[in-house]
There are 4 protein chains.
Amino acid sequence: MPKIGMEPLRRAALVEAAIIEIGHAGTLDVTVSQIARRAGMSSALAHHYFGSKDQMLVAAMRHILTLFGAEVRAALQGNPTPLQRIEALIRASFSTRNFQPEIIAAWLNFYVQAQTSAEARRLLAIYRKRLHSNLRAGFRPLVRDPDIASETIGALIDGVYIRQSLHDDALAGGDAVSLILASVTRIIEADPRTS
Amino acid sequence: MPKIGMEPLRRAALVEAAIIEIGHAGTLDVTVSQIARRAGMSSALAHHYFGSKDQMLVAAMRHILTLFGAEVRAALQGNPTPLQRIEALIRASFSTRNFQPEIIAAWLNFYVQAQTSAEARRLLAIYRKRLHSNLRAGFRPLVRDPDIASETIGALIDGVYIRQSLHDDALAGGDAVSLILASVTRIIEADPRTS
Amino acid sequence: MPKIGMEPLRRAALVEAAIIEIGHAGTLDVTVSQIARRAGMSSALAHHYFGSKDQMLVAAMRHILTLFGAEVRAALQGNPTPLQRIEALIRASFSTRNFQPEIIAAWLNFYVQAQTSAEARRLLAIYRKRLHSNLRAGFRPLVRDPDIASETIGALIDGVYIRQSLHDDALAGGDAVSLILASVTRIIEADPRTS
Amino acid sequence: MPKIGMEPLRRAALVEAAIIEIGHAGTLDVTVSQIARRAGMSSALAHHYFGSKDQMLVAAMRHILTLFGAEVRAALQGNPTPLQRIEALIRASFSTRNFQPEIIAAWLNFYVQAQTSAEARRLLAIYRKRLHSNLRAGFRPLVRDPDIASETIGALIDGVYIRQSLHDDALAGGDAVSLILASVTRIIEADPRTS
DNA sequence: CATGAATGAGTTTTCATTCAT
DNA sequence: TATGAATGAAAACTCATTCAT
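Parameters at a glance
Residues numbered from 1 in each chain as written. Chains lettered and ligands numbered in written order. Predicted model: local features only at pLDDT ≥ 70, side-chain atom pairs only at ≥ 80, totals over all residues. Heavy atoms only, no water. Least-squares fit on C-alpha atoms with pLDDT ≥ 70 in both. Contact = heavy atoms within 4.5 Å. Buried area = accessible area lost by both parts, 1.4 Å probe. Salt bridge = Lys/Arg side-chain N within 4 Å of Asp/Glu carboxyl O. Phe/Tyr/Trp six-rings, centres within 6.5 Å; stacked < 30°, edge-to-face > 60°. Helix = DSSP H or I, 4+ residues; strand = E, 2+ residues; numbered from the N terminus. Buried < 20%, exposed > 50% of the residue type's maximum accessible area, 1.4 Å probe, protein only. Polar contact = N/O pair within 3.5 Å; in protein donor to acceptor, adjacent residues only side chain to side chain.

Colleague: Provide a residue-level description of the relation of the copies chain A and chain B, including the pertinent values.
Modeller: Turning chain A through 179 degrees and shifting it by 0.0 Å along the axis lays it on chain B, with an RMSD of 0.1 Å. In symmetry terms, the pair is related by a two-fold rotation axis. Minimal C-alpha distance to the rotation axis in chain A is attained by A:G159, lying at 1.7 Å. Comparing interface residues between copies, 100% of those in chain A also lie at the interface in chain B; the contact surface is shared.

Colleague: Kindly report on the interface of chain A and chain B, identifying the contributing residues and their values.
Modeller: Facing 39 residues of chain A, the contacting portion of chain B comprises 39 residues. Both sides of the chain A and chain B interface together cover about 3600 Å² of buried area, and 62% of this is carbon and sulfur. When the buried area of chain A at its contact with chain B is split by residue, A:Q115, A:R128 and A:R163 rank highest and sum to 22% of it. Our count for the chain A to chain B interface comes out at four salt bridges. Across the pair B:R163 and A:D158 runs a salt bridge whose closest N-O atoms are separated by 2.8 Å.

Colleague: Describe the relation of the copies chain C and chain D, listing the residues and the values that go with them.
Modeller: Screw-axis analysis of chain C against chain D gives a translation of 0.0 Å along the axis, an RMSD of 0.2 Å, and a rotation angle of 179 degrees. A shared binding surface is used by both copies, with 100% of the interface residues of chain C retained as interface residues in chain D.

Colleague: Give me the lowdown on the packing of aromatic side chains, citing residues and values where you can.
Modeller: Taken as a whole, this structure holds 28 aromatic pairs over all chains when the rule is applied. With 6.2 Å between their ring centres and 70 degrees between their planes, A:F68 and A:W107 make a pair best called edge-to-face. Of this pair, A:F68 sits in helix α4 (residues 53–75) while A:W107 sits in helix α6 (residues 101–116), and the two are 39 residues apart along the sequence. Exposure remark for A:F68: the relative accessible area of 8% places this residue in the buried category. Look at A:W107 and you get buried, because its relative accessible area is 8%. Aromatic pair C:F68 and C:Y127: ring centres 5.7 Å apart, planes at 70 degrees, arrangement edge-to-face. Here C:F68, found in helix α4 (residues 53–75), pairs with C:Y127, found in helix α7 (residues 118–139); they are 59 residues apart in sequence, far enough to count as distant. Of the two residues examined, C:F68 and C:Y127, each falls in the buried class. Put simply, the rings of A:F68, A:F94, A:F99, A:W107, A:Y127 and A:Y161 pair up and form one aromatic cluster.

Colleague: Can you break down the arrangement of the chains residue by residue, with the values?
Modeller: The two partners chain B and chain C share no contact, and the minimum distance between any of their C-alpha atoms is 21 Å. Nothing in chain A touches chain D; the tightest C-alpha to C-alpha distance between them is still 33 Å.

Colleague: How would you explain the interface of chain C and chain D if you had to name every residue and give the values?
Modeller: Taken residue by residue, the interface counts 39 residues in chain C and 39 residues in chain D. With both chains or domains summed, chain C and chain D bury close to 3500 Å², and 62% of this area falls on carbon and sulfur atoms. At the boundary of chain C with chain D, the tally comes to four salt bridges. For the pair chain C and chain D, the number of links is eight residue pairs in polar contact (both at pLDDT 80 or more). Only α6 (101–116), α7, α8 (146–163) and α9 (173–190) of chain C provide two or more residues apiece to the side of chain C that touches chain D. Take the side of chain C that touches chain D: its biggest share by element is eleven residues, from α8(C).

This is how it looks when you write it as structure tokens:
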């Protein structure tokens, strides 16, 4: 019973399933069949929609980044002060959703995928550039060298985030945010824009 | 063709080859045959000496950590001031050797392996604990909360390091060190130990 | 090339092929590829349907036992006298089909498999129990100790059967039956039920 | 430190080890290394002494048959009556040594080996011929058709013996002997030699 | 005599992918 | 659109066997 307009639903289901499977497994070594089964369809159909496993993984990655982007945009709603802007970015990175072990593991594996797939690399580069320019927009009115400030905080976010993938002695989401915010404060105080 | 005492040589060759192969591929999905070929022997011999691919990968990881540990120990020679101590740790993390793309890629993949292998997780935990206690030893005379300071700098090191795995717009080793040292300075100035 | 409902056909073909291959080789050391080739498919498909070589061998064994069971049931049709009943059981054991060298060799190897596989052991135990209770049902009206009688004839059947696996100076199927029937007669005459 | 006269010791050790390993494993699928390790030497040496795994297995088989033959010869010492002679043969087959699970499993596997190896087949044929002629020598003065009698008892011995390989609901050694002796008695009584 | 070193050939098993229906 | 059927290719791992020492 073919249905009309199934395509976007199927694709979405597969992407969701892929993220969950990768997160559970902690590896990109999940089979297309596993993903398809979780998404409630045959692996053949998964191929029909994505052409190849790689493209499916890329789509999954794109999805995570899209969600993250949306979260950031939502957090920047209203008319935040520069500092609130920075804080919002940090909070988004460690939001309940993004801080789930499965998502962290998936994210980590996308770094690995980026070693092989140009498309994946491109996506991660975009994520990084966006984060960077968002942070810079926040820092510009506050410090003299907003580029360095953004680079530092960006790297710190990634570092704290990736460390979570080891589960043990992990930081709580809130602690992670505090740690980073403290760095933000220090940066601003140490290099105030004296205009 | 020496016929005795080959084991340590073979194991070393395999570990070296594994790191290089993983680095080149950017994945743990390298075959034992590839590794063995690079090490100049048959895959059967690789299995003979390591029992399984996993144990070989763990050995490779252990090797990287050992080398890193040695580098750190060497850097801490002499009678460094606390600040020099911290700087030495940071410099070691971004030494020419450790900052090679292959080593970075291998390191990244060990994070992935840690998702599955308890032994790998254990090794990474050890690395982290050592780095932490070394940093703390440096920070203790300088700041009031050496734990937070170490946690921050540790995460920053990891973040900067992992970001290199994307090769594009990468920081030079020296820039990485400067960036982190600036954070160290700020931490010390913001939270001086007033003894 | 039918495309649906292939599973039972494929499984049956594989089971048949497995029995033949094992019989020809005289060993369980036949490769899945050999079996699959004889069954006209790839070894991958064989794994797809059976999950593992072991499960395929167990299925083969189950098949042989099922056929044997059917043969016995057929032989017990009608309203046989107790003696006819016993004779039918013996004849079934040495029927043309069961007395083929391939089947004998396969059967022998299942004894070996039972040393390792609990499932195989279970199946052989079932076969033995059935044979025993069938024999006992025949002997009960005829002798005073039907248990011993059944145990003796059961062991004799197995002994004559297994000896065939050595092919040389083998007994013909008919001779085997006569030999065992003579024992049956002696047992009945020596220990008549004097009701 | 080469030693003189080691050969027979080494060979004996290997043969013993092979029987034990096969018995434990319940299969001929034991590795030469396992056997050699148990015999306290390298697998290379095992090859040196036997040329191939097969020849080693044949030697193991020959050893079992030799031991069995010795046991029989010992049992036939003195001046036994014909009936004692038969009884001695049966008892030897189920002696404590021969009735160990390991020996039974090894024996069973030699039947399998005989499917492939002509030498193994030859050895089993010899065993059978000897048993047959020994039994016949016992039966000749007692029954009119000693050939059939021997064939029957021989098959019964093999049947009872092989059935033990399934361990469950096994007969004790003594019960096995009684069961078979009862058959002997019946045969003699049913077909007395009336000279 | 004895062995550690070494490997070729093979085996089970897995999986992405294709295709007929 | 959807899938069961099917497979080629590869991977990890094993093992009997050889050989230099």
